[in-house]
Amino acid sequence: EAGVTQFPSHSVIEKGQTVTLRCDPISGHDNLYWYRRVMGKEIKFLLHFVKESKQDESGMPNNRFLAERTGGTYSTLKVQPAELEDSGVYFCASSPGTTQYFGPGTRLTVL
Amino acid sequence: GENVEQHPSTLSVQEGDSAVIKCTYSDSASNYFPWYKQELGKRPQLIIDIRSNVGEKKDQRIAVTLNKTAKHFSLHITETQPEDSAVYFCAAEGRGSNYKLTFGKGTLLTVNP
């Protein structure tokens, strides 16, 4: 079974630019989550999709972040415009229920 | 909301020794507690989990204990090996939270040969 995949693995952009991260969950998993780990800190929840619907977006930092999951398959997370404090590793996870399976993450560096 | 504290932040042991990582949580309604292992440059991998109706769970050299009254849970690794070296994260999921996980800050475990 293929695991959760994320693209790109690394992204380096300048402050003010836009970046879009992509997550492909495990096939058949209705639940998709985005998390972020800022250097040295805990992995923090951003939002949760059930199929194409946003179930919980309480962790989204501000309106510069926009997540979508059209058709209930893959998801994108767009940051526009990026700020220095957005740097970190963005993880996606998917699950059929309780157990969450993580992707390898996208390391975002904002200069 | 839920808050998870994890200690220690770093742990260094000799190969063959045991390692213990402890976490506390704040929300008494939390009922699911997974542990993830993240090797350098790799994805977090679930290694063991426990639910609130169980006090202890073992899987070979790994065990997790849960004390609901005290709101803490611990990861125990026995007979450590160099390949156990990684960052370990504990997490808690609250009842009714739609499976949202709250993580601890992680423990960097180093097993010295």
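Here the structure is shown first, and the text comes after it.
I will try to describe carefully the structure that is included in this document. (Residues numbered from 1 in each chain as written. Chains lettered and ligands numbered in written order. Predicted model: local features only at pLDDT ≥ 70, side-chain atom pairs only at ≥ 80, totals over all residues. Heavy atoms only, no water.)

**Re the pairing of strand β6 (residues 53-56) of chain A**
All names here are of chain A. With three bridges joining them, strand β5 (residues 43-50) and β6 adopt antiparallel strand pairing. Note that in β6 the partner of H48 across the bridge is D56. In this antiparallel pair of consecutive strands, β5 and β6, the connection spans two residues, and K51 shows a positive phi of 55°. (Pairing = 2+ DSSP bridges. Helix = DSSP H or I, 4+ residues; strand = E, 2+ residues; numbered from the N terminus.)

**Points about the state of the cysteines**
The tally for this structure, following the rule as stated, stands at two disulfides over all chains. For C23(A), the disulfide goes to C92(A), at an S-S distance of 1.8 Å. Of note, the bridge from C23(A) to C92(A) carries an S-S torsion of about -60° and is left-handed in sense. Here C23(A), found in strand β3 (residues 19-24), pairs with C92(A), found in strand β9 (residues 88-95); they are 69 residues apart in sequence, far enough to count as distant. The pair formed by C23(A) and C92(A) is uniform in burial state, with each residue classed as buried. Paired through a disulfide, C23(B) and C90(B) show a sulfur-sulfur distance of 1.9 Å. (Disulfide = S-S within 2.5 Å. Buried < 20%, exposed > 50% of the residue type's maximum accessible area, 1.4 Å probe, protein only.)

**Thoughts on the sheet that holds strand β7 (residues 65-68) of chain A**
Residues and elements named next belong to chain A. Pairing within the open sheet is antiparallel, and its four strands lie in the order β1-β3-β8-β7. Across the chains shown, the open sheet's two edge strands, defined by having one partner strand only, are β1 (5-7) and β7. The mean angle between the axes of side-by-side strands here comes to 15°, regardless of whether they run parallel or antiparallel. Summarising the sheet, β7 and strand β8 (residues 75-79) pair through four bridges and their orientation is antiparallel. If you follow E68 over to β8, its bridge partner there is T76. (Axes fitted to C-alpha atoms, helices over the stretch in contact; angles between N-to-C directions.)

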